[in-house]
Amino acid sequence: MDLLQNLALGFETTLTLTNLIYAFMGCLLGTLVGVLPGLGPTATIAMLLPSIYALDATPALIMLAGIYYGSQYGGSTTAILINVPGEAASVVTALDGYQMARQGRAGPALAVSALGSFFAGCVGTIIIAAFAPPLTELAFKFGPAEYFSLMVLGLIGAVVLASGSLIKAVAMIILGLLLGQINTDVISGVPRFSFDVPELSDGINFVVIAMGLFGFGEIIANLGQPAEQREVFTKDVKGLWPSKEDFKESAPAVLRGTVLGSLLGVLPGGGSLLASFASYTLEKKLSPTPEKFGKGAIQGVAGPESANNAGAQTSFIPMLTLGIPPNAVMALMVGAMTIKGIQPGPQVMSSNPELFWGLITSMWIGNLMLVILNLPLIGIWIRLLTVPYRFLFPAILLFCCIGLYTLNNNNFDVYLSVLFGLLGYVFYKLKCEPAPLLLGFILGPMMEENLRRALLLSRGNWGDFVTRPLSATLLGMAVLMLVIMALPNLRRKREEAFQDAE
Amino acid sequence: MKIKSQRDFVAGLAFIVVGLAFAWGATNYSFGSSARPGPGYFPFGLGIILAIIGAVITFEALTIETEDGEPIGDIAWRPLLIILGAVGVFGFLLPRAGMVISIPVLITMASAAAGRIRWLDVVILSVVLTLGSYMAFVRGLDLVIPVWPSFLQ
């Protein structure tokens with residue numbers, strides 16, 4: 001069977017000593033940065049990009065992938081222990097996980113989250129191995145019009161990243177697309193919006209925006225709070241293992257979360273984040289005791305955690321098959337592939353099979369390592385968190401600054417990040433969420449190129465986007481998603497209007 | 001007319017201004033036609049769309065009732081200016097004075113943003129982070145970062 005042969009090739013690649021070491025390093029680093037609030041996987045991978053020049057492509061990507069799913073594990077740890085989600089997808093975990101911790105059940109919460117994630121990760125890996133090749137076939141049918149429509153779908157999916165106002169999220173996406181226009185036009189070679197600054201004509205580095213908006217913005221916002229609200233609070237974790245009842249309650253939630261996560265992860269833009277939100281909603285709907293949610297329901301930890309990990313896994317599919325990054329971390333992985341001289345896209349599977357299958361099997365190995373790493377080391381992660389914030393934030397600031405400087409060995413990027421730090425604080429004050437902006441920024445140049453190529457091919461006929469079946473389907477899904485998201489919004493506003501009338 | 005949401009009102013106006021600025025800037029580049037879109041085509045369209053969305057947000061901020069008027073609230077000037085200043089100073093100092101000077105300066109300034117400076121903390125943190133950065137980034141990852149001031153080399 002092809003699949004088995006391919007997996008065998010993968011394991012052959014993964015199980016070499018070097019690759020195992022890099023996978024382990026990636027998982028360890030990932031868990032560490034997932035635990036540290038303010039230092040996400042994006043910033044870490046960005047900081048490490050320069051250092052992978054020295055590595056071969058396969059170990060480099062294996063390590064980066066390890067950081068990615070390691071941070072998914074680590075993020076849940078802080079979410080449960082101190083109500084600080086280490087990264088965006090564990091926001092949901094914090095809802096019930098932290099309540100469990102307050103009831104002295106941090107152990108079961110952490111264990112269920114680790115085991116659920118492991119199960120979901122295994123399933124996700126098998127799904128990638130089984131479905132990546134047929135999806136790659138599909139990818140060859142993609143023309144510029146289809147790519148454009150897919151990106152529209154991805155960006156609409158990014159709206160889900162924002163918990164606040166729908167229309168402001170759309171505005172932030174477009175702002176991101178516009179910031180992506182500061183570059184040299186790929187087709188005509190004209191530098192745009194660069195104000196004759198040579199550094200700007202290459203485009204703004206994604207890391208500069210990410211660190212400015214998220215890193216600096218968050219530090220400033222935190223310091224703006226009164227000192228007593230800043231301190232991170234810790235508690236002893238007693239008892240690691242969940243009871244039989246816990247297992248019985250969480251097993252179906254894990255299963256449902258895995259299915260949901262695997263499906264949603266494939267969608268560009270939404271990925272694991274969308275999956276964890278959806279799973280929480282589903283579990284609450286299905287539960288006979290929905291009133292327990294938000295007060296320490298174990299299903300509320302098990303479901304979203306599995307969904308988030310399965311989604312993180314299957315979000316590799318669009319990256320590996322289409323070369324389209326579904327989220328910021330994947331965008332950096334694409335960048336890393338380009339650094340190593342590999343053009344991401346459907347041809348990777350045939351041109352670099354050992355890289356492709358090695359990466360997939362390394363995910364499974366990585367997940368195994370993470371469970372082994374996480375269960376006993378939980379105690380150490382907690383100790384790291386007892387570091388007071390007044391020590392933590394200068395260190396985070398320093399790591400960001402050094403990362404920025406080493407992007408181009410140039411202080412221009414450091415200066416530019418000051419501007420984005422200011423912007424980040426403005427967004428924070430105006431309740432405009434920066435995550436959609438970032439995705440718009442990443443997809444902007446690609447979207448423009450495909451739009452213009454599609455229009456060239458169709459001789460300026462916009463109708464092509466809706467008459468080509470694949471493209472029309474994708475656009476239809478985008479519209480559907482927008483409608484679904486807008487509906488509760490509309491309803492709420494109408495209710496408000498009715499109340500006013502009374 | 002009374003502003004119903006201060007935050008959205010300001011955000012909407014900002015989106016209008018930025019959108020129009022990008023659209024106006026895009027007129028400097030050839031627009032092309034739909035069949036042969038030029039470098040100005042995409043940014044012009046996006047700028048106009050952003051301005052329209054901004055107008056909708058502004059309109060909603062003036063019409064849709066909110067509970068507390070969604071005020072922008074106090075601005076944390078001290079951390080804002082000091083943190084961003086610290087990053088700027090670090091960027092200026094690093095290539096000139098190296099890690100041994102720029103890291104302690106960054107730590108000291110950052111600590112000032114949190115309130116009263118505790119000098120013992122600052123000294124300990126500076127020593128630990130300078131040494132740690134040197135070991136991790138220069139020795140470990142082999143990054144090219146100036147360690148000593150340029151006049152010493």
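Remember, predicted model here, so these are calculated numbers, not experimental data.

*Asks:* Hey, could you go over the overall build of chain A for me, with residue numbers and the actual values?
*Replies:* Check the secondary structure of chain A and you find 22 helices and two strands. Of the contacts formed within chain A by residues at least 6 apart in sequence, a portion of 80% connects residues at least 24 apart.

*Asks:* Provide a residue-level description of the confidence of the model for chain A, including the pertinent values.
*Replies:* Low pLDDT marks stretches whose predicted atomic positions should not be read closely. Looking at chain A as a whole, the pLDDT averages 76, with 80% of positions reaching at least 70. Long-range and interchain partners of residues 231-237 of chain A, a stretch whose pLDDT sits below 50, account for 19 contacts in this model, where long-range means more than four residues apart.

*Asks:* Tell me what's going on with the domain arrangement of chain B, and back it up with residues and numbers.
*Replies:* Looking at chain B, the domain boundaries give domain 1 (6-63) and domain 2 (77-152). Once you take the C-alpha centre of each, domain 1 of chain B and domain 2 of chain B turn out to be 40 Å apart.

*Asks:* Which residues make up the environment of Ser126 of chain B, and what values do they have?
*Replies:* Residue and element names in this part refer to chain B. Position of Ser126 relative to the elements: it lies in helix 5 (residues 119-140). According to the C-beta neighbour criterion, Ser126 is buried, with 20 such atoms within 10 Å. A sequence separation of 41 residues divides Ser126 from Gly85, and the C-alpha atoms of the two residues are 18 Å apart. Once you skip the residues sitting within four places of it in the chain, Ser126 turns out to touch Ile103, Pro104 and Ile107.

*Asks:* Got a sec to walk through the UniProt feature "transmembrane region" (unreviewed entry) in chain B? Specific residues and values, please.
*Replies:* Residues and elements named next belong to chain B. The sites that carry the UniProt feature "transmembrane region" (unreviewed entry) are, in the present numbering, residues 41-63, 75-93, 99-115 and 122-141. Within the segment residues 41-63, helix and strand shares are 100% and 0% respectively, and the terminal C-alpha atoms sit 34 Å apart. Spanning residues 75-93, this segment combines 89% helix with 0% strand, and its end C-alpha atoms are found 28 Å apart.

*Asks:* Just give me the short version of the nonpolar core, but keep the residues and values in it.
*Replies:* Of all hydrophobic cores here, the largest spans 186 residues; its most connected members are Leu61, Leu64, Ile174 and Cys401 of chain A together with Ile83 and Leu106 of chain B. Here this core gathers at least three residues from each of two domains, domain 1 (6-63) and domain 2 (77-152) of chain B. Each residue touching Ile174 of chain A, except ones within four places of it in the same chain, is listed here: Gly440 of chain A together with Leu46, Ile49, Leu50 and Ile53 of chain B.

*Asks:* Requested: an account of the interface of chain B and chain A, with residues and values cited.
*Replies:* Residue-level contacts link 61 residues of chain B with 56 residues of chain A. Secondary structure elements with two or more residues in the side of chain B that touches chain A: helix 1 (6-26), helix 2 (41-63), helix 3 (77-97), helix 4 (99-113) and helix 5 of chain B. Classifying every residue of the side of chain B that touches chain A gives 44 nonpolar, twelve polar and five charged.

*Asks:* I'd like to hear about the packing of helix 1 of chain B against helix 2 of chain B, residue by residue, with values.
*Replies:* Residue and element names in this part refer to chain B. Here helix 1 crosses helix 2 at 160°, and the two axes come no closer than 7 Å. Taken together, the axis directions place helix 1 and helix 2 in an arrangement best described as roughly antiparallel. The handedness of the crossing between helix 1 and helix 2 is left-handed. Grouping the amino acids of the contact of helix 1 with helix 2 by side-chain chemistry returns 21 nonpolar, five polar and two charged.

*Asks:* Which residues make up helix 11 (residues 244-266) of chain A, and what are the values?
*Replies:* Along an α-helix, a turn takes 3.6 residues, which lines up residues three or four apart on a common side. All names here are of chain A. Along its 23 residues, helix 11 runs 33 Å from first to last C-alpha, staying within 8% of the 33 Å computed at 1.5 Å per residue. Considering bend angle alone, the principal kink of helix 11 is centred on Ser250 and spans about 30°; proline Pro252 follows within four residues of it. Those residues of helix 11 that sit buried are Asp246, Ser250, Ala253, Val254, Gly257, Thr258, Leu260, Gly261, Ser262, Leu264, Gly265 and Val266.

*Asks:* Account for the confidence of the model for chain B, naming residues and giving values.
*Replies:* Confidence along chain B averages 85 in pLDDT terms, with 96% of residues attaining 70 or more. As scored by the predictor, the complex reaches a pTM of 0.71 and an ipTM of 0.90.

*Asks:* Residues and numbers for the environment of Pro149 of chain B, please.
*Replies:* All names here are of chain B. Within the fold, Pro149 resides in the segment after helix 5. Separated by 51 residues in the primary sequence, Pro149 and Gly98 place their C-alpha atoms 4.7 Å from one another. Not counting the four nearest positions on each side in its chain, Pro149 is found in contact with Arg96, Ala97, Gly98 and Ile101.

*Asks:* Can you lay out the packing of helix 9 (residues 206-223) of chain A against helix 20 (residues 435-457) of chain A for me, pointing to particular residues and giving the numbers?
*Replies:* Residues and elements named next belong to chain A. Put simply, helix 9 and helix 20 touch, their axes get as near as 11 Å, and they point 175° apart. It follows that helix 9 is roughly antiparallel to helix 20 by the angle criterion. Of the residues in helix 20, those touching helix 9 at Phe206, Ile209 and Ala210 are Leu438, Phe441 and Ile442. Residues belonging to the contact of helix 9 with helix 20 are distributed by class as follows: six nonpolar, no polar and no charged.

Rules and cut-offs
- Residues numbered from 1 in each chain as written.
- Chains lettered and ligands numbered in written order.
- Predicted model: local features only at pLDDT ≥ 70, side-chain atom pairs only at ≥ 80, totals over all residues.
- Helix = DSSP H or I, 4+ residues; strand = E, 2+ residues; numbered from the N terminus.
- Contact = placed C-beta atoms within 7 Å.
- pLDDT = per-residue confidence, 0-100.
- Domains from an automatic or database assignment.
- Buried ≥ 20, exposed ≤ 12 C-beta atoms within 10 Å, placed from the backbone.
- UniProt positions renumbered as here; feature names shortened; annotations may be inferred.
- Core = buried A, V, L, I, M, F, W, Y, C linked by C-beta atoms within 7 Å.
- Nonpolar A, V, L, I, M, F, W, Y, C, P; charged D, E, K, R; others polar.
- Axes fitted to C-alpha atoms, helices over the stretch in contact; angles between N-to-C directions.
- Parallel < 35°, antiparallel > 145°, perpendicular 65-115°, else oblique.
- Left-handed = near helix turned anticlockwise from the far one by under 90°.
- Expected span 1.5 Å × (residues − 1).
- Bend = angle between axes of the 7 residues up to and from the residue.

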